[in-house]
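So the chains spell out like this:
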Amino acid sequence: VEEVVLVRYGEIGLKGRNRAFFVRRLEENLRRALEGLEGVVVENRFDRLVVRPASSPQEVVERIRRTFGVVSVSPALRTSVALESIERAAEEAMARALMGKSGATFRVSVHRTNPRFPMRSMDLERHLGSLLQARFPGLVARMKDPEIELAVEVREEAYVYTEVWPGWGGLPVGTGGRAVGLLSGGIDSPVALWMMARRGMEIEPVHFHAFPFTSERSKEKVVAIVEHLRPWTGQDGLHVVPFAEVQRAIAASVSEPLWTLVMRRMMMRVCERIAHRIGARALVTGESLGQVASQTVEALHVIEAVTQLPVLRPLIGLDKQEIVRRAQEIGTYELSVLPYEDCCTLFVPRHPRTRPTLDEVEQAEAQLPVEALVAQAVEQTEVVRSKETVTA
Ligand code: ATP
Ligand code: MG
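Let us look at the structure shown here. Quantities reported herein were computed from a predicted structural model and do not represent experimental measurements. The written sequence of each chain sets the order in which its residues are numbered from 1. A letter from A marks each chain and a number from 1 marks each ligand, given out in the order of writing. Selection of residues for local features in this predicted model requires a pLDDT of at least 70, selection of side-chain atom pairs for listing and counting requires 80 or more, and totals for whole chains, interfaces and linings are taken over all residues. Processing note: side-chain calculations cover all non-hydrogen atoms of the structure and skip hydrogens and water entirely.

**Comments concerning the environment of proline 231**
To be explicit about the condition: Only DSSP runs of H or I reaching four residues or more are called helices, and only runs of E reaching two or more are called strands; each is numbered from the N terminus. Burial classes follow relative accessibility: with a 1.4 Å probe on protein chains only, a residue under 20% of its type's maximum area counts as buried, one over 50% as exposed, and anything between as partly exposed.
Within the element layout of this structure, proline 231 appears in helix H6 (residues 216-233). Proline 231 gets classed as partly exposed once you look at its relative accessible area, which sits at 40%.

**Thoughts on the sheet that holds strand S12 (residues 237-242)**
Applicable threshold: Whether two strands pair depends on DSSP finding at least two bridges between them.
On the basis of which strands lie adjacent, the open sheet formed by 6 strands has the order S14-S13-S10-S11-S12-S15 and mixed pairing. Among the strands making up the open sheet, the edge pair consists of strand S14 (311-312) and strand S15 (382-385). Note: strand S10 (residues 178-182) against strand S11 (residues 202-209), 5 bridges, orientation parallel. Residue pairing across strands places arginine 178 opposite glutamate 202, the latter belonging to S11.

**Re the side chain of glutamine 295**
Selection criterion: Identification of polar contacts relies on pairs of N or O atoms within 3.5 Å, with a donor-acceptor requirement for protein atoms, meaning one able to donate a hydrogen and the other able to accept it, and with residues adjacent in sequence counted only if both atoms are side-chain atoms. Residue contacts are counted whenever heavy atoms from the two residues lie within 4.5 Å of one another.
By the element assignment, glutamine 295 lies in the loop between strand S13 (283-284) and helix H9 (297-304). Within polar-contact distance, the side chain of glutamine 295 engages the backbone nitrogen of serine 288 at 3.0 Å. Discounting chain neighbours no more than four positions away, the residues touching glutamine 295 are Glu287, Ser288, Leu289, Gly290 and Leu300.

**Observations concerning the side chain of glutamate 365**
Relative to the helices and strands, glutamate 365 resides in the loop between helix H12 (358-364) and helix H13 (370-379). Dropping the residues within four chain positions of it, glutamate 365 is found in contact with Val262, Arg265, Arg269 and Val370.

**Let's talk about helix H5 (residues 188-198)**
Counting buried positions along H5 yields 9 of 11 residues, so the element is predominantly enclosed. Among all positions of H5, only Asp188, Ser189, Pro190, Val191, Ala192, Leu193, Trp194, Met196 and Ala197 are buried. Just downstream of H5 lies glycine 200, where phi reads positive at about 95 degrees.

**Description of the environment of valine 370**
The topology assignment puts valine 370 in helix H13. Residues valine 370 and isoleucine 250, spaced 120 residues apart in sequence, show a C-alpha to C-alpha distance of 9.7 Å. Excluding its chain neighbours within four sequence positions, the residues that come into contact with valine 370 are Met266, Arg269 and Glu365.

**Remarks on the nonpolar core**
Which entries qualify depends on this criterion: Side-chain atoms within 4.5 Å link the members of a nonpolar core, which is a set of buried Ala, Val, Leu, Ile, Met, Phe, Trp, Tyr and Cys residues.
Of all hydrophobic cores here, the largest spans 40 residues; its most connected members are Val180, Phe208, Ile250 and Met266. Looking at this core, the elements with two or more residues in it are S10, S11, helix H7 (244-253), helix H8 (259-278), H9, H12 and H13. At 12 residues, the largest contribution of residues to this core is made by H8. Residues within four places of isoleucine 250 in sequence aside, it is in contact with Trp259, Val262, Met263, Met266, Phe347 and Leu368.

**Concerning unusual backbone geometry**
Geometrically, the link from phenylalanine 211 to proline 212 is a cis peptide bond, its omega value of 5 degrees lying close to zero. Tracing the backbone shows proline 212 in the loop between S11 and H6. One non-glycine residue, methionine 99, lies in positive phi territory at about 45 degrees. Looking at where methionine 99 falls in the secondary structure, it is placed in the loop between helix H3 (83-98) and strand S5 (103-112).

**Here we look at empty space enclosed by the protein**
Operational definition: Every definition here rests on a 1 Å grid over the protein atoms only: cavities are sets of points where a 1.4 Å probe fits but cannot get out, pockets are open sets enclosed by protein on both sides within 12 Å along at least five of seven lines, and lining residues have some atom within 4 Å of a point. Grid points are joined across faces, edges and corners, and a volume is the space filled by probe spheres set on the points.
Scanning the model with the defined rule gives 1 cavity of 30 Å³ or more in all. Estimated volume of the largest cavity: approximately 60 Å³. Elements represented by at least two residues in the lining of the largest cavity include exactly S11 and H6. Examining the composition of the lining of the largest cavity, we find that 3 residues originate from one element, H6, more than from any other.

**With respect to the site of ligand 1**
Test applied: Here a residue is near a molecule or strand as soon as one of its heavy atoms is found within 4 Å of it. Note on areas: Shrake-Rupley, 1.4 Å probe, and residue coverage restricted to the protein chains presented here. Any residue outside Ala, Val, Leu, Ile, Met, Phe, Trp, Tyr, Cys, Pro, Asp, Glu, Lys and Arg is labelled polar, Gly included; the first ten of those are nonpolar and the last four are charged.
Of all residues adjacent to ligand 1, which total 22 residues, the nearest are Leu182, Ser184, Asp188, Ser189 and Gln291. Take serine 189: an N or O atom from its main chain is 2.7 Å from an oxygen atom of ligand 1. One of the side-chain nitrogen or oxygen atoms of glutamine 291 is found 2.7 Å away from an oxygen atom of ligand 1. Expressed as a share of its isolated accessible area of 570 Å², the protein-covered part of ligand 1 is 90%. If you list the elements that add at least two residues to the shell around ligand 1, you get H5, S11 and H8. When the residues that make up the shell around ligand 1 are grouped by side-chain class, the tally is 9 nonpolar, 9 polar and 4 charged.

**Structural notes on the packing of H3 against helix H4 (residues 121-135)**
Keep this limit in mind: Whenever a helix is involved, its axis is fitted only over the stretch in contact; in every case the axis is a line through C-alpha atoms, and angles between N-to-C directions fall within 0 to 180 degrees. Roughly parallel means an angle under 35 degrees; roughly antiparallel means over 145; roughly perpendicular covers 65 to 115; every other angle is labelled oblique. Left-handed is the label given to a crossing in which the near helix is rotated counterclockwise from the far helix by less than a right angle, and right-handed is the label when the rotation is clockwise.
Close contact between H3 and H4 brings their axes to 10 Å; oriented N to C, the two are set at 50 degrees. Accordingly, the angle class assigned to the pair H3 and H4 is oblique. As H3 runs across H4, the sense of the crossing is right-handed. Where H3 approaches H4, its residues Leu83, Ile86, Glu87, Ala90, Glu91 and Met94 are matched on the opposing element by Leu124, His127, Leu128, Leu131, Leu132 and Arg135. Looking at side-chain class alone, the contact of H3 with H4 contains 8 nonpolar, 1 polar and 3 charged residues.

As structure tokens, then:
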């Protein structure tokens, strides 16, 4: 009897060669997620992946669950399809599930794909059910909502398990191309980046930092958010763009009600440059329609007019409540609400334009040395990694 972890992935809509591509990527991502755990092996078996943890299956399960593309995970016992081996594995799995308790309601469910196995599924269910009741007299059979469901899959080998842990679904990171993600220290953008990573995108986070208007601490907070998202995104680098110079120039030459819009346009321009450099094909932001003055549809139009790249806004139709709930669920909320100064919050016009036109914004930029500012900001961009994660 061998300890393994069964990894189930989504299949809906994945066909043919596409499917092989997804599974191969998932396999690679799992290997990366499990790096540093001695002796772990990932096998590609039938319609799922099987991981053999050398030790600490709990840690292995936790890491696998956070890998996008994984629908569910079960720590399982693997044996040959000899009946005595299956019996022994079933007893062992039940003993573990009971955790010292003397009784529980239970059911055995058998799923058989191996045509050479001599018993029918129902017969094996009955056989194992009475065997387990004889061995653990406190067990009571119950078909509907039992406390313990002992599952047996009879394939080339047999798998026995009692637990099914949900994953986060989605598609393996790397199957959806690469994007630049605009990451502030706020509540929204971490959720937006997480959502696009869940659709398989590799996200390179970019943060605009207005030192000395904003402190070193506010940058570290964003680094901490990147680090927190890493189990899902696989990403540990943050592009930090110095933005104070741009803000000074905007304050000096642009009329105040348009500051935010021009600033966001400058961000888009810088991000597009970075995107070309790293082979990214889209920009991701945390904008949500109507949330603030710069998120009206007129404002969004003016902001994205400076880039050829698609601007992906996964939060566009969500309520703040829903975004907050998701942020809490993935654990970024606690980091986001830490006090910090965003480059933008220090730079909010008293009466922002909510229905800007492209013409007026383009005119407002006429006195701004756009190209020089963008080139300099890109030039001075640094990639920062969390100190704990720096490897060779
Ligand atoms: P968030 O909660 O993500 O800060 P927000 O509701 O505060 O969003 P804005 O401040 O208008 O919205 O910013 C809109 C989007 O622009 C953000 O979601 C983010 O994608 C991007 N953005 C804003 N500030 C920065 C920054 N300092 N660095 C990188 N991206 C930023
Ligand atoms: Mg913000």
